[in-house]
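# Reading the structure
Chain by chain, the residues:
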Amino acid sequence: MTKTNDKMKEAAEQIIALMQEHGADWCKPWSGIGGIHNAKSKKAYRGSNIFWLAMASHIKGYESNEWATFKQWQELGASVKKGEKSTAIFFFSVLKKENKETGEQNKFGFWKSYSVFNASQVDGYEAKKPQEFDAIASAEKYALNTGADIRHGKDGAFYSPIRDYIGMPARETFTSASGYYSTLLHELTHWTGHKTRCDRDLSGKFGDADYAREELIAECGAALLCMNLGVEKQATPDHAKYLNSWMKAIGDDYKVIFAAMSKAQKAIDHMGSLQQAQAIAAE
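Residues numbered from 1 in each chain as written. Predicted model: local features only at pLDDT ≥ 70, side-chain atom pairs only at ≥ 80, totals over all residues. Heavy atoms only, no water.

Let's shift gears to the nonpolar core. I15, F51, W52 and L188 are the most contacted members of the largest nonpolar core, which totals 56 residues. Contributions of two or more residues to this core are made by α1 (3-22), α2 (48-60), β4 (87-98), α4 (135-146), β9 (165-168), α5 (177-191), α6 (209-229) and α9 (255-282). Ranked by the residues each element gives to this core, the list is headed by α6, at 10 residues. Setting aside residues no more than four positions away along its own chain, L188 makes contact with A143, T146, A148, I166 and M271. Counting residues in hydrophobic clusters, the runner-up holds nine residues, among them A39, F117, A119 and V122. (Core = buried A, V, L, I, M, F, W, Y, C linked by side-chain atoms within 4.5 Å. Buried < 20%, exposed > 50% of the residue type's maximum accessible area, 1.4 Å probe, protein only. Helix = DSSP H or I, 4+ residues; strand = E, 2+ residues; numbered from the N terminus. Contact = heavy atoms within 4.5 Å.)

Below is the structure:
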């Protein structure tokens, strides 16, 4: 196993440990950090890297959502404090190599890891404070902008792939607004799996591996969206009962959780494109 794979396995094991310890509340302690980005490029981190960095901030008590490599902090005129330990992030790359016999370009995919430090770990840099905004209003606008068919008054929360609509209990049955929106964001992630959108396999039945993988994708998507929108992630009884299925799907293969987070990010990218389309239409 390569050094990068070792780091990936270690990171995935931390997520699995949180699932085992906290159940469906596995991401609640650090779900509201939001806006995690690179201090130099200002680009937001994506997918699994949001989880690793948010988790590191929670465990180590970092208050900043800005990160950068050792070299990048130097370029910003800052210096990493002596004795500080880095956090690993991961990127998937594709290498093209010409096949000398056929002349065709063969593609090889592989993971690369980088070591980053939080702004709280450096001297000579004034960390930016996250902007305050109305998380509930943002979540409501986000959901409306998707154009999804959302029907209230149902007995439970679900997505129907055949009829392509989201069923939700009446709003007043939820004990909090954050509970309502974290549930809706979970179902919206399922909604992106339709063949006309991200085209994921939604044919699984409760208890089988395909169903568990899709539930894990939806839960990762909801957690990422809750972090991005500033909504407190809340577990529901339905999501709690799926936990054993998720754990079974992950098993000893740490790459399952990376695959789930990657597909969750694609779902969010799709919903993000719908937000942009609405913004353009409003101009």
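A few words on the side chain of N38. Position of N38 relative to the elements: it lies in strand β1 (residues 37-38). Residue classification places N38 among the buried residues on the basis of a relative accessible area of 7%. Contact partners of N38, with chain neighbours within four places excluded, come to K43, Y45, W67, A68 and Q72.

In this section: α2. Spanning 13 residues, α2 covers 18 Å between terminal C-alpha atoms, matching the ideal 18 Å at 1.5 Å per step. α2 sits mainly inside the fold: 10 of its 13 residues count as buried. In the core, the buried residues of α2 are packed alongside α1, β2 (66-69), β4, β5 (105-118), α6 and α9. (Expected span 1.5 Å × (residues − 1).)

With that settled, consider the sheet that holds strand β7 (residues 150-152). On the basis of which strands lie adjacent, the open sheet formed by three strands has the order β7-β9-β8 and mixed pairing. If you trace the sheet from one side to the other, it starts and ends with β7 and β8 (158-160), each paired once. Taking the axes of each pair of neighbouring strands and ignoring which way they run, one obtains an average angle of 25° across the sheet. Packed onto the sheet, α5 meets β7, β8 and β9 and runs at close to 155° relative to β9. (Pairing = 2+ DSSP bridges. Axes fitted to C-alpha atoms, helices over the stretch in contact; angles between N-to-C directions.)

Taken as a whole, this structure holds 12 aromatic pairs when the rule is applied. Ring geometry for W52 and F90: centres 6.5 Å apart, planes at 90°, overall edge-to-face. With a gap of 38 residues between them, W52 in helix α2 and F90 in strand β4 connect regions that are remote in the sequence. By relative accessible area, which is 3% here, W52 ends up buried. Members of the aromatic cluster, each reached through a chain of ring pairs, are W52, F90, F92, W111 and F258. The ring of Y165 carries the charged tip of R151 above its face, separated from the ring centre by 4.0 Å. (Phe/Tyr/Trp six-rings, centres within 6.5 Å; stacked < 30°, edge-to-face > 60°. Lys NZ or Arg CZ within 6 Å of the ring centre and 35° of its normal.)

Okay, the sheet that holds β1 next. Reading across the sheet, the four strands line up as β1-β2-β5-β4 and stay open at both edges, with mixed pairing between neighbours. Where the open sheet ends on each side, the last strands, each with one partner, are β1 and β4. Relative to β5, β2 is paired through three bridges, and the arrangement is antiparallel. Bridge pairing in β5 places W67 opposite N118. Here α1 sits on the sheet and contacts β4 and β5; the angle it forms with β5, its principal contact strand, is near 60°.

Here we take up the pattern of salt bridges. This structure, assessed with the given rule, holds 10 salt bridges. With its nearest N and O atoms 2.7 Å apart, the salt bridge here joins R213 to D210. Of this pair, R213 and D210 both sit in helix α6, three residues apart, roughly one helical turn. (Salt bridge = Lys/Arg side-chain N within 4 Å of Asp/Glu carboxyl O.)

With 12 bridges connecting them, β4 and β5 associate as antiparallel partners. Paired with K97 across the strands is N106, a residue of β5. If you look at the hairpin formed by β4 and β5, you'll find six residues sitting between the two strands, and G103 has a positive phi there, around 80°.

Notably, D164 is not glycine yet its phi reads approximately 55°, a positive angle. If you check the backbone angles, D199 has positive phi at about 55° while not being a glycine. Here D199 falls in the exposed class, since its relative accessible area comes to 52%.

What follows is about α1. Helix length check: α1 (20 residues) gives 29 Å between terminal C-alpha atoms against 28 Å at 1.5 Å per residue, within 8%. For α1, the set of buried residues is T4, N5, M8, A11, A12, I15, I16, L18 and M19. The buried residues of α1 all sit within an arc of 150° when viewed along its axis, so they share a single face. Across from the buried face of α1, at angles greater than 90 degrees, the exposed residues are K3, Q20 and E21. (Arc of directions from axis to C-beta.)

With that settled, consider a nonpolar patch on the surface. Where nonpolar side chains cluster on the molecular surface, the patch consists of L95, F108 and F110 and spans about 270 Å² of accessible area. Locating L95 in the fold gives a position in strand β4. (Patch = residues over 30% accessible without salt bridge, like charges linked within 9 Å, V, L, I, M, F, W, Y side chains within 5 Å. Areas by Shrake-Rupley, 256 points an atom, 1.4 Å probe, with all protein chains shown as cover.)

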